[in-house]
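What follows is the residue order along each chain.
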Amino acid sequence: MQEKNDMQNLIYTLLITQIKLGVYHQHDPLPYIKQMSDYLCVAPETVRAAYGRLKVEQVITLSKKAGAHLSAGCTENQIQQNIQEYFESRRTMLLDLAASMPALFGKMELLSLKKASPQALDQLKVIQLDSQIPPTYRSLKFFLSLHRQSENQLLTRLIWRIFILVHIPFFSVFQDRKMLEEQQAQQIMLLEASLSGQWQTVQNLIESSHLWLLNALRKYYHESIRPDSTVQEIQFAWELYHKSDQKRYSFAVTLIKQINRGQRKNGEFLPSLATLAAENQLSVSTVRRALDLLNDIGVVKSINGKGTQVLPFEQIAAHCDFSQPIYRRRLTDFIESLHVCACSCRAVAEQTLLAMTEAQRNQLLELLERLYAQQRYGLGIYGVIGILAEEAHSPAIRTLYAQLFQQFLWGYPLRIPKRNESTEAQMQARALTEALQHFDSSLFAQLLENSLIQDFKTAQSQLQKIGVSAPSDFL
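Residues numbered from 1 in each chain as written. Predicted model: local features only at pLDDT ≥ 70, side-chain atom pairs only at ≥ 80, totals over all residues. Heavy atoms only, no water.

Turning next to the side chain of Ser 194. Relative to the elements of secondary structure, Ser 194 occurs in helix α9 (residues 177-195). Since its relative accessible area comes to 5%, Ser 194 is described here as buried. Here Leu 190 takes part through its backbone oxygen, which lies 2.9 Å from a polar atom of the side chain of Ser 194. (Helix = DSSP H or I, 4+ residues; strand = E, 2+ residues; numbered from the N terminus. Buried < 20%, exposed > 50% of the residue type's maximum accessible area, 1.4 Å probe, protein only. Polar contact = N/O pair within 3.5 Å; in protein donor to acceptor, adjacent residues only side chain to side chain.)

Here is the structure:
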(Lines give C-alpha, C1' and ligand atoms only; values in the text may rest on other atoms or scores of the structure.)
Protein backbone atom coordinates (compact mmCIF):
# COMPACT_ATOMS: atom_id res chain seq x y z
CA MET A 1 0.00 0.00 0.00
CA GLN A 2 2.80 2.43 0.86
CA GLU A 3 4.51 1.77 -2.49
CA LYS A 4 1.25 2.54 -4.33
CA ASN A 5 0.74 5.79 -2.38
CA ASP A 6 4.34 6.82 -2.98
CA MET A 7 3.91 6.30 -6.73
CA GLN A 8 0.70 8.33 -6.72
CA ASN A 9 2.43 11.15 -4.85
CA LEU A 10 5.43 11.11 -7.18
CA ILE A 11 3.20 11.22 -10.28
CA TYR A 12 1.17 14.06 -8.78
CA THR A 13 4.37 15.96 -7.97
CA LEU A 14 5.73 15.27 -11.46
CA LEU A 15 2.59 16.67 -13.11
CA ILE A 16 2.66 19.79 -10.92
CA THR A 17 6.34 20.20 -11.85
CA GLN A 18 5.61 19.85 -15.56
CA ILE A 19 2.87 22.48 -15.31
CA LYS A 20 5.25 24.88 -13.55
CA LEU A 21 7.97 24.19 -16.14
CA GLY A 22 5.60 25.08 -18.97
CA VAL A 23 5.02 21.62 -20.46
CA TYR A 24 1.27 22.33 -20.28
CA HIS A 25 -0.45 25.70 -20.68
CA GLN A 26 -3.96 26.88 -19.86
CA HIS A 27 -6.65 24.62 -21.38
CA ASP A 28 -4.01 22.25 -22.81
CA PRO A 29 -5.01 18.57 -22.74
CA LEU A 30 -3.00 16.21 -20.55
CA PRO A 31 -2.42 12.67 -21.82
CA TYR A 32 -5.37 10.33 -21.29
CA ILE A 33 -5.07 8.22 -18.15
CA LYS A 34 -4.38 5.03 -20.13
CA GLN A 35 -1.83 6.87 -22.26
CA MET A 36 -0.02 8.36 -19.25
CA SER A 37 -0.02 5.00 -17.44
CA ASP A 38 1.66 3.52 -20.52
CA TYR A 39 4.24 6.34 -20.64
CA LEU A 40 5.07 5.95 -16.92
CA CYS A 41 4.79 2.14 -16.84
CA VAL A 42 2.29 2.10 -13.97
CA ALA A 43 -1.27 0.88 -13.48
CA PRO A 44 -4.04 3.18 -14.79
CA GLU A 45 -5.56 3.49 -11.30
CA THR A 46 -2.27 4.97 -10.03
CA VAL A 47 -2.45 7.75 -12.65
CA ARG A 48 -6.19 8.11 -12.06
CA ALA A 49 -5.55 8.80 -8.35
CA ALA A 50 -2.98 11.49 -9.21
CA TYR A 51 -5.34 13.08 -11.76
CA GLY A 52 -8.17 12.92 -9.22
CA ARG A 53 -6.09 14.85 -6.71
CA LEU A 54 -5.34 17.52 -9.33
CA LYS A 55 -9.06 17.75 -10.09
CA VAL A 56 -9.98 18.18 -6.41
CA GLU A 57 -7.42 20.97 -6.17
CA GLN A 58 -8.95 22.52 -9.33
CA VAL A 59 -5.65 22.31 -11.19
CA ILE A 60 -7.32 20.36 -14.01
CA THR A 61 -10.77 19.54 -15.28
CA LEU A 62 -11.43 15.85 -15.77
CA SER A 63 -14.24 13.98 -17.51
CA LYS A 64 -14.63 10.63 -19.22
CA LYS A 65 -15.55 12.24 -22.51
CA ALA A 66 -13.11 15.15 -22.76
CA GLY A 67 -10.25 13.78 -20.64
CA ALA A 68 -8.01 16.04 -18.55
CA HIS A 69 -7.35 19.71 -19.34
CA LEU A 70 -5.27 22.25 -17.45
CA SER A 71 -7.48 24.86 -15.77
CA ALA A 72 -4.88 27.64 -15.51
CA GLY A 73 -1.27 27.73 -16.62
CA CYS A 74 1.73 29.91 -15.79
CA THR A 75 2.81 33.04 -17.59
CA GLU A 76 6.06 32.95 -19.58
CA ASN A 77 7.83 34.95 -16.86
CA GLN A 78 6.59 32.56 -14.19
CA ILE A 79 7.73 29.56 -16.25
CA GLN A 80 11.25 30.95 -16.61
CA GLN A 81 11.41 31.70 -12.90
CA ASN A 82 10.09 28.22 -12.07
CA ILE A 83 12.70 26.59 -14.32
CA GLN A 84 15.46 28.58 -12.66
CA GLU A 85 14.29 27.76 -9.12
CA TYR A 86 13.58 24.08 -9.84
CA PHE A 87 16.90 23.22 -11.44
CA GLU A 88 19.09 25.45 -9.27
CA SER A 89 17.68 23.92 -6.08
CA ARG A 90 18.48 20.46 -7.49
CA ARG A 91 21.80 21.24 -9.18
CA THR A 92 23.96 19.04 -6.92
CA MET A 93 21.37 16.25 -6.71
CA LEU A 94 20.74 15.96 -10.46
CA LEU A 95 24.41 16.15 -11.48
CA ASP A 96 25.41 13.69 -8.74
CA LEU A 97 22.70 11.17 -9.69
CA ALA A 98 23.68 11.40 -13.36
CA ALA A 99 27.36 10.89 -12.49
CA SER A 100 26.48 7.90 -10.27
CA MET A 101 24.40 6.01 -12.86
CA PRO A 102 27.32 4.12 -14.51
CA ALA A 103 28.55 2.73 -11.18
CA LEU A 104 25.07 1.88 -9.92
CA PHE A 105 23.48 0.44 -13.06
CA GLY A 106 26.12 -0.03 -15.77
CA LYS A 107 26.89 -3.69 -15.06
CA MET A 108 23.21 -4.55 -14.57
CA GLU A 109 22.45 -3.06 -17.99
CA LEU A 110 25.18 -5.16 -19.58
CA LEU A 111 23.94 -8.35 -17.89
CA SER A 112 20.32 -7.59 -18.82
CA LEU A 113 21.26 -7.08 -22.47
CA LYS A 114 23.24 -10.34 -22.45
CA LYS A 115 20.25 -12.20 -21.06
CA ALA A 116 17.68 -10.60 -23.38
CA SER A 117 16.37 -12.75 -26.24
CA PRO A 118 16.51 -11.44 -29.83
CA GLN A 119 12.75 -10.85 -29.59
CA ALA A 120 13.18 -8.77 -26.41
CA LEU A 121 15.95 -6.71 -28.04
CA ASP A 122 13.74 -6.12 -31.08
CA GLN A 123 10.97 -4.94 -28.78
CA LEU A 124 13.36 -2.47 -27.12
CA LYS A 125 14.23 -1.19 -30.59
CA VAL A 126 10.53 -0.69 -31.31
CA ILE A 127 10.27 1.46 -28.17
CA GLN A 128 13.19 3.61 -29.29
CA LEU A 129 11.71 4.14 -32.75
CA ASP A 130 8.10 4.67 -31.64
CA SER A 131 7.29 8.28 -32.55
CA GLN A 132 4.09 8.04 -30.47
CA ILE A 133 6.16 7.95 -27.26
CA PRO A 134 7.43 11.46 -26.43
CA PRO A 135 11.20 11.67 -25.81
CA THR A 136 10.29 12.82 -22.28
CA TYR A 137 9.10 9.29 -21.45
CA ARG A 138 10.94 7.11 -23.95
CA SER A 139 14.04 6.50 -21.80
CA LEU A 140 11.92 5.44 -18.81
CA LYS A 141 10.00 2.88 -20.87
CA PHE A 142 13.21 1.63 -22.47
CA PHE A 143 15.16 1.15 -19.23
CA LEU A 144 12.29 -0.39 -17.27
CA SER A 145 11.66 -2.84 -20.10
CA LEU A 146 15.37 -3.69 -20.15
CA HIS A 147 15.77 -4.13 -16.39
CA ARG A 148 12.71 -6.36 -16.09
CA GLN A 149 15.10 -9.08 -17.33
CA SER A 150 16.53 -9.08 -13.81
CA GLU A 151 13.17 -9.91 -12.14
CA ASN A 152 14.19 -7.55 -9.32
CA GLN A 153 11.24 -5.42 -8.17
CA LEU A 154 13.32 -3.30 -5.82
CA LEU A 155 15.65 -2.38 -8.69
CA THR A 156 12.67 -1.54 -10.92
CA ARG A 157 11.19 0.77 -8.24
CA LEU A 158 14.54 2.48 -7.74
CA ILE A 159 15.08 3.12 -11.46
CA TRP A 160 11.50 4.39 -11.80
CA ARG A 161 12.06 6.85 -8.94
CA ILE A 162 15.33 8.18 -10.39
CA PHE A 163 13.75 8.70 -13.81
CA ILE A 164 10.77 10.51 -12.28
CA LEU A 165 13.12 12.78 -10.31
CA VAL A 166 15.86 13.33 -12.92
CA HIS A 167 15.20 12.29 -16.49
CA ILE A 168 11.58 13.28 -17.04
CA PRO A 169 11.81 16.83 -15.57
CA PHE A 170 15.04 17.39 -17.50
CA PHE A 171 13.72 16.07 -20.81
CA SER A 172 10.60 18.20 -20.27
CA VAL A 173 12.70 21.35 -20.79
CA PHE A 174 15.77 20.19 -22.72
CA GLN A 175 15.25 21.25 -26.33
CA ASP A 176 18.58 20.41 -28.02
CA ARG A 177 17.16 18.30 -30.84
CA LYS A 178 20.60 17.35 -32.14
CA MET A 179 21.67 15.91 -28.78
CA LEU A 180 18.35 14.09 -28.36
CA GLU A 181 18.75 12.49 -31.78
CA GLU A 182 22.30 11.55 -30.83
CA GLN A 183 21.03 9.78 -27.72
CA GLN A 184 18.41 7.86 -29.69
CA ALA A 185 21.04 6.79 -32.24
CA GLN A 186 23.30 5.56 -29.42
CA GLN A 187 20.50 3.37 -28.02
CA ILE A 188 19.82 1.85 -31.46
CA MET A 189 23.56 1.10 -31.87
CA LEU A 190 23.53 -0.45 -28.38
CA LEU A 191 20.74 -2.83 -29.33
CA GLU A 192 22.30 -3.77 -32.67
CA ALA A 193 25.64 -4.51 -30.97
CA SER A 194 23.77 -6.67 -28.42
CA LEU A 195 22.03 -8.62 -31.17
CA SER A 196 25.40 -9.42 -32.76
CA GLY A 197 27.09 -10.22 -29.40
CA GLN A 198 29.69 -7.42 -29.56
CA TRP A 199 29.84 -7.10 -25.78
CA GLN A 200 32.87 -4.83 -25.50
CA THR A 201 31.14 -2.42 -27.88
CA VAL A 202 27.95 -2.74 -25.81
CA GLN A 203 29.86 -1.89 -22.63
CA ASN A 204 31.43 1.15 -24.30
CA LEU A 205 28.04 2.32 -25.55
CA ILE A 206 26.50 1.93 -22.06
CA GLU A 207 29.24 4.16 -20.67
CA SER A 208 28.74 6.64 -23.53
CA SER A 209 25.00 6.72 -22.90
CA HIS A 210 25.44 7.65 -19.24
CA LEU A 211 28.10 10.19 -20.13
CA TRP A 212 25.70 11.71 -22.67
CA LEU A 213 23.16 12.43 -19.91
CA LEU A 214 25.79 13.96 -17.63
CA ASN A 215 27.14 16.16 -20.45
CA ALA A 216 23.63 17.20 -21.49
CA LEU A 217 22.84 18.23 -17.91
CA ARG A 218 26.11 20.14 -17.62
CA LYS A 219 25.42 21.89 -20.92
CA TYR A 220 21.93 22.85 -19.81
CA TYR A 221 23.14 24.22 -16.47
CA HIS A 222 25.95 26.17 -18.15
CA GLU A 223 23.69 27.73 -20.77
CA SER A 224 20.33 28.08 -19.01
CA ILE A 225 20.61 28.07 -15.20
CA ARG A 226 22.46 30.82 -13.38
CA PRO A 227 24.16 29.85 -10.08
CA ASP A 228 22.43 31.23 -7.00
CA SER A 229 23.99 30.55 -3.61
CA THR A 230 20.85 31.76 -1.80
CA VAL A 231 18.75 28.86 -3.12
CA GLN A 232 18.31 26.00 -0.65
CA GLU A 233 19.57 22.68 -2.03
CA ILE A 234 17.17 19.73 -2.22
CA GLN A 235 18.75 16.37 -1.37
CA PHE A 236 18.01 13.00 -2.93
CA ALA A 237 15.99 10.75 -0.63
CA TRP A 238 14.94 7.13 -0.90
CA GLU A 239 13.26 5.17 1.87
CA LEU A 240 11.61 1.80 1.44
CA TYR A 241 9.34 1.95 4.48
CA HIS A 242 7.11 4.30 6.45
CA LYS A 243 8.91 6.73 8.78
CA SER A 244 7.94 4.80 11.95
CA ASP A 245 9.15 1.51 10.47
CA GLN A 246 12.28 3.23 9.17
CA LYS A 247 13.27 4.27 12.72
CA ARG A 248 12.71 0.77 14.03
CA TYR A 249 14.73 -0.86 11.24
CA SER A 250 17.52 1.73 11.50
CA PHE A 251 17.89 1.08 15.22
CA ALA A 252 17.83 -2.69 14.68
CA VAL A 253 20.63 -2.30 12.12
CA THR A 254 22.58 -0.14 14.59
CA LEU A 255 22.41 -2.91 17.20
CA ILE A 256 23.52 -5.54 14.67
CA LYS A 257 26.45 -3.32 13.68
CA GLN A 258 27.43 -3.04 17.35
CA ILE A 259 27.23 -6.83 17.73
CA ASN A 260 29.30 -7.41 14.58
CA ARG A 261 31.93 -4.90 15.68
CA GLY A 262 32.28 -6.56 19.08
CA GLN A 263 30.76 -3.63 20.95
CA ARG A 264 28.11 -5.98 22.32
CA LYS A 265 29.33 -9.48 23.20
CA ASN A 266 27.66 -12.87 22.89
CA GLY A 267 25.66 -13.60 26.03
CA GLU A 268 25.64 -9.94 27.08
CA PHE A 269 22.34 -8.41 28.22
CA LEU A 270 21.36 -5.16 26.54
CA PRO A 271 20.52 -2.08 28.62
CA SER A 272 16.89 -1.50 29.60
CA LEU A 273 14.33 -0.19 27.11
CA ALA A 274 14.33 3.22 28.79
CA THR A 275 18.15 3.44 28.67
CA LEU A 276 18.34 2.43 25.01
CA ALA A 277 15.57 4.91 24.16
CA ALA A 278 17.34 7.77 25.95
CA GLU A 279 20.76 6.92 24.46
CA ASN A 280 19.41 6.82 20.90
CA GLN A 281 16.77 9.59 21.16
CA LEU A 282 13.95 7.18 20.34
CA SER A 283 10.64 6.36 21.95
CA VAL A 284 10.44 3.30 24.20
CA SER A 285 7.85 1.90 21.78
CA THR A 286 10.28 2.14 18.83
CA VAL A 287 13.03 0.42 20.83
CA ARG A 288 10.65 -2.34 21.94
CA ARG A 289 9.53 -2.96 18.34
CA ALA A 290 13.17 -3.08 17.17
CA LEU A 291 14.01 -5.66 19.84
CA ASP A 292 10.90 -7.67 18.91
CA LEU A 293 12.22 -7.71 15.37
CA LEU A 294 15.67 -8.91 16.47
CA ASN A 295 13.96 -11.60 18.58
CA ASP A 296 12.00 -12.75 15.50
CA ILE A 297 15.14 -13.18 13.40
CA GLY A 298 17.12 -14.83 16.20
CA VAL A 299 19.77 -12.18 16.90
CA VAL A 300 18.68 -11.65 20.52
CA LYS A 301 16.45 -13.44 23.00
CA SER A 302 14.23 -11.70 25.56
CA ILE A 303 14.11 -13.51 28.90
CA ASN A 304 11.41 -12.63 31.43
CA GLY A 305 12.86 -11.05 34.53
CA LYS A 306 16.36 -10.77 33.06
CA GLY A 307 16.22 -8.68 29.89
CA THR A 308 17.36 -9.09 26.28
CA GLN A 309 20.41 -11.24 25.63
CA VAL A 310 22.68 -11.25 22.57
CA LEU A 311 22.70 -14.77 21.12
CA PRO A 312 25.86 -16.52 19.87
CA PHE A 313 26.13 -16.35 16.10
CA GLU A 314 25.77 -20.11 15.64
CA GLN A 315 22.36 -20.08 17.41
CA ILE A 316 20.73 -17.39 15.26
CA ALA A 317 19.28 -19.60 12.49
CA ALA A 318 17.78 -22.01 15.07
CA HIS A 319 15.88 -19.14 16.74
CA CYS A 320 14.57 -17.61 13.50
CA ASP A 321 11.02 -18.34 12.30
CA PHE A 322 11.18 -18.42 8.49
CA SER A 323 7.45 -19.17 8.20
CA GLN A 324 6.25 -15.67 9.17
CA PRO A 325 4.66 -14.01 6.07
CA ILE A 326 6.02 -10.55 6.90
CA TYR A 327 9.52 -11.96 7.35
CA ARG A 328 9.30 -13.83 4.05
CA ARG A 329 8.46 -10.53 2.32
CA ARG A 330 11.44 -8.88 3.98
CA LEU A 331 13.65 -11.77 2.82
CA THR A 332 12.71 -10.77 -0.73
CA ASP A 333 13.89 -7.22 0.10
CA PHE A 334 17.15 -8.73 1.34
CA ILE A 335 17.90 -10.84 -1.73
CA GLU A 336 16.95 -8.03 -4.14
CA SER A 337 19.21 -5.59 -2.26
CA LEU A 338 22.04 -8.12 -2.30
CA HIS A 339 21.50 -8.49 -6.06
CA VAL A 340 21.83 -4.72 -6.64
CA CYS A 341 24.96 -4.53 -4.47
CA ALA A 342 26.55 -7.51 -6.19
CA CYS A 343 26.08 -5.79 -9.55
CA SER A 344 27.32 -2.35 -8.46
CA CYS A 345 29.79 -2.89 -5.60
CA ARG A 346 32.90 -3.26 -7.75
CA ALA A 347 32.66 0.20 -9.31
CA VAL A 348 31.40 1.80 -6.08
CA ALA A 349 34.11 0.19 -3.91
CA GLU A 350 36.95 1.09 -6.25
CA GLN A 351 35.83 4.72 -6.49
CA THR A 352 35.38 4.96 -2.72
CA LEU A 353 38.71 3.36 -1.78
CA LEU A 354 40.62 5.62 -4.16
CA ALA A 355 39.10 8.66 -2.41
CA MET A 356 39.62 7.34 1.15
CA THR A 357 42.20 8.79 3.50
CA GLU A 358 44.70 6.48 5.20
CA ALA A 359 42.76 6.85 8.46
CA GLN A 360 39.53 5.73 6.75
CA ARG A 361 41.25 2.70 5.18
CA ASN A 362 42.68 1.75 8.58
CA GLN A 363 39.22 2.00 10.11
CA LEU A 364 37.90 -0.43 7.49
CA LEU A 365 40.85 -2.75 8.06
CA GLU A 366 40.22 -2.75 11.83
CA LEU A 367 36.56 -3.66 11.25
CA LEU A 368 37.50 -6.61 9.05
CA GLU A 369 40.14 -7.84 11.51
CA ARG A 370 37.64 -7.69 14.41
CA LEU A 371 35.13 -9.80 12.49
CA TYR A 372 37.78 -12.31 11.42
CA ALA A 373 39.06 -12.57 15.01
CA GLN A 374 35.54 -13.72 15.92
CA GLN A 375 35.66 -16.21 12.99
CA ARG A 376 32.81 -14.34 11.27
CA TYR A 377 34.57 -14.40 7.92
CA GLY A 378 31.44 -14.16 5.80
CA LEU A 379 30.29 -10.96 7.52
CA GLY A 380 33.33 -8.96 6.42
CA ILE A 381 31.86 -8.14 3.02
CA TYR A 382 28.72 -6.76 4.67
CA GLY A 383 30.86 -4.63 6.93
CA VAL A 384 32.46 -3.22 3.77
CA ILE A 385 29.02 -2.35 2.32
CA GLY A 386 28.21 -0.56 5.58
CA ILE A 387 31.41 1.49 5.24
CA LEU A 388 30.60 2.30 1.61
CA ALA A 389 27.20 3.57 2.76
CA GLU A 390 29.03 6.01 5.05
CA GLU A 391 32.12 6.94 3.03
CA ALA A 392 31.16 6.88 -0.68
CA HIS A 393 32.03 10.15 -2.40
CA SER A 394 28.60 10.47 -4.03
CA PRO A 395 25.69 11.54 -1.78
CA ALA A 396 23.31 9.54 -3.99
CA ILE A 397 25.36 6.36 -3.58
CA ARG A 398 25.56 6.90 0.18
CA THR A 399 21.78 7.26 0.34
CA LEU A 400 21.12 4.19 -1.82
CA TYR A 401 23.71 1.99 -0.14
CA ALA A 402 22.44 2.95 3.32
CA GLN A 403 19.00 1.65 2.34
CA LEU A 404 20.40 -1.47 0.66
CA PHE A 405 22.61 -2.18 3.67
CA GLN A 406 19.61 -1.91 5.96
CA GLN A 407 17.90 -4.70 4.00
CA PHE A 408 20.80 -7.04 4.82
CA LEU A 409 19.33 -7.16 8.32
CA TRP A 410 16.68 -9.55 7.02
CA GLY A 411 19.23 -12.01 5.68
CA TYR A 412 21.21 -12.13 8.93
CA PRO A 413 19.93 -15.63 9.91
CA LEU A 414 21.11 -16.96 6.54
CA ARG A 415 24.76 -16.25 7.45
CA ILE A 416 25.09 -19.84 8.60
CA PRO A 417 28.24 -21.02 10.47
CA LYS A 418 29.25 -23.53 7.78
CA ARG A 419 29.71 -20.76 5.26
CA ASN A 420 31.67 -18.59 7.68
CA GLU A 421 33.91 -21.34 9.00
CA SER A 422 34.85 -22.78 5.64
CA THR A 423 38.42 -22.72 4.39
CA GLU A 424 37.22 -20.94 1.26
CA ALA A 425 35.64 -18.14 3.31
CA GLN A 426 38.83 -17.74 5.33
CA MET A 427 40.92 -17.52 2.16
CA GLN A 428 38.58 -14.89 0.72
CA ALA A 429 38.75 -12.91 3.95
CA ARG A 430 42.54 -13.04 3.99
CA ALA A 431 42.76 -11.96 0.35
CA LEU A 432 40.39 -9.04 0.98
CA THR A 433 42.48 -7.89 3.95
CA GLU A 434 45.78 -8.17 2.06
CA ALA A 435 44.38 -6.15 -0.87
CA LEU A 436 43.37 -3.42 1.55
CA GLN A 437 46.75 -3.50 3.32
CA HIS A 438 48.50 -3.04 -0.04
CA PHE A 439 46.09 -0.24 -1.08
CA ASP A 440 45.10 -2.27 -4.15
CA SER A 441 41.64 -0.79 -4.67
CA SER A 442 41.06 -2.62 -7.98
CA LEU A 443 41.78 -6.07 -6.52
CA PHE A 444 39.84 -5.28 -3.34
CA ALA A 445 36.77 -4.26 -5.40
CA GLN A 446 37.03 -7.40 -7.55
CA LEU A 447 37.27 -9.68 -4.49
CA LEU A 448 34.31 -7.92 -2.88
CA GLU A 449 32.23 -8.43 -6.01
CA ASN A 450 33.20 -12.14 -6.22
CA SER A 451 32.24 -12.69 -2.57
CA LEU A 452 28.89 -10.90 -2.91
CA ILE A 453 28.04 -12.85 -6.05
CA GLN A 454 28.83 -16.10 -4.26
CA ASP A 455 26.71 -15.05 -1.27
CA PHE A 456 23.87 -14.07 -3.60
CA LYS A 457 23.90 -17.51 -5.21
CA THR A 458 24.03 -19.24 -1.81
CA ALA A 459 21.19 -17.13 -0.39
CA GLN A 460 19.15 -17.56 -3.57
CA SER A 461 19.43 -21.34 -3.25
CA GLN A 462 18.42 -21.22 0.43
CA LEU A 463 15.40 -19.02 -0.25
CA GLN A 464 14.22 -21.20 -3.12
CA LYS A 465 14.12 -24.15 -0.71
CA ILE A 466 11.65 -22.29 1.53
CA GLY A 467 9.63 -20.90 -1.37
CA VAL A 468 10.82 -17.26 -1.33
CA SER A 469 11.23 -15.68 -4.78
CA ALA A 470 14.59 -14.19 -5.80
CA PRO A 471 15.90 -12.16 -8.75
CA SER A 472 17.08 -13.92 -11.88
CA ASP A 473 20.54 -15.48 -11.51
CA PHE A 474 22.58 -14.13 -14.38
CA LEU A 475 25.50 -12.86 -12.31
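On we go.
Taken as a whole and judged by the stated rule, the model has 12 salt bridges. The shortest N-O distance in the salt bridge between Glu 88 and Arg 91 comes to 2.6 Å. Grouping residues by exposure puts Glu 88 and Arg 91 together as buried. For the salt bridge of Lys 219 with Glu 223, the shortest nitrogen-to-oxygen distance reads 3.2 Å. Residue Lys 219 and its partner Glu 223 are both found in helix α10 (residues 199-224); the two are separated by 4 residues, about one turn of the helix. (Salt bridge = Lys/Arg side-chain N within 4 Å of Asp/Glu carboxyl O.)

Before going further, it helps to spend a moment on the nonpolar core. Counting 164 residues, the largest nonpolar core has Leu 40, Phe 87, Trp 160, Leu 294, Tyr 401 and Leu 452 as its most contacted members. With 14 residues, the single largest contributor to this core is helix α8 (residues 153-173). (Core = buried A, V, L, I, M, F, W, Y, C linked by side-chain atoms within 4.5 Å.)

With their axes 12 Å apart at the nearest point, helix α7 (residues 135-147) and α9 run at an angle of 15 degrees to one another. In terms of their interaxial angle, α7 and α9 are classed as roughly parallel. Pair α7 / α9 crosses with left-handed handedness. When α7 is examined against α9, the residues Arg 138, Ser 139, Phe 142 and Phe 143 are found in contact with a partner set consisting of Gln 183, Gln 184, Gln 187, Leu 190 and Leu 191. Considered class by class, the residues forming the contact of α7 with α9 number 4 nonpolar, 4 polar and 1 charged. (Axes fitted to C-alpha atoms, helices over the stretch in contact; angles between N-to-C directions. Parallel < 35°, antiparallel > 145°, perpendicular 65-115°, else oblique. Left-handed = near helix turned anticlockwise from the far one by under 90°. Contact = heavy atoms within 4.5 Å. Nonpolar A, V, L, I, M, F, W, Y, C, P; charged D, E, K, R; others polar.)

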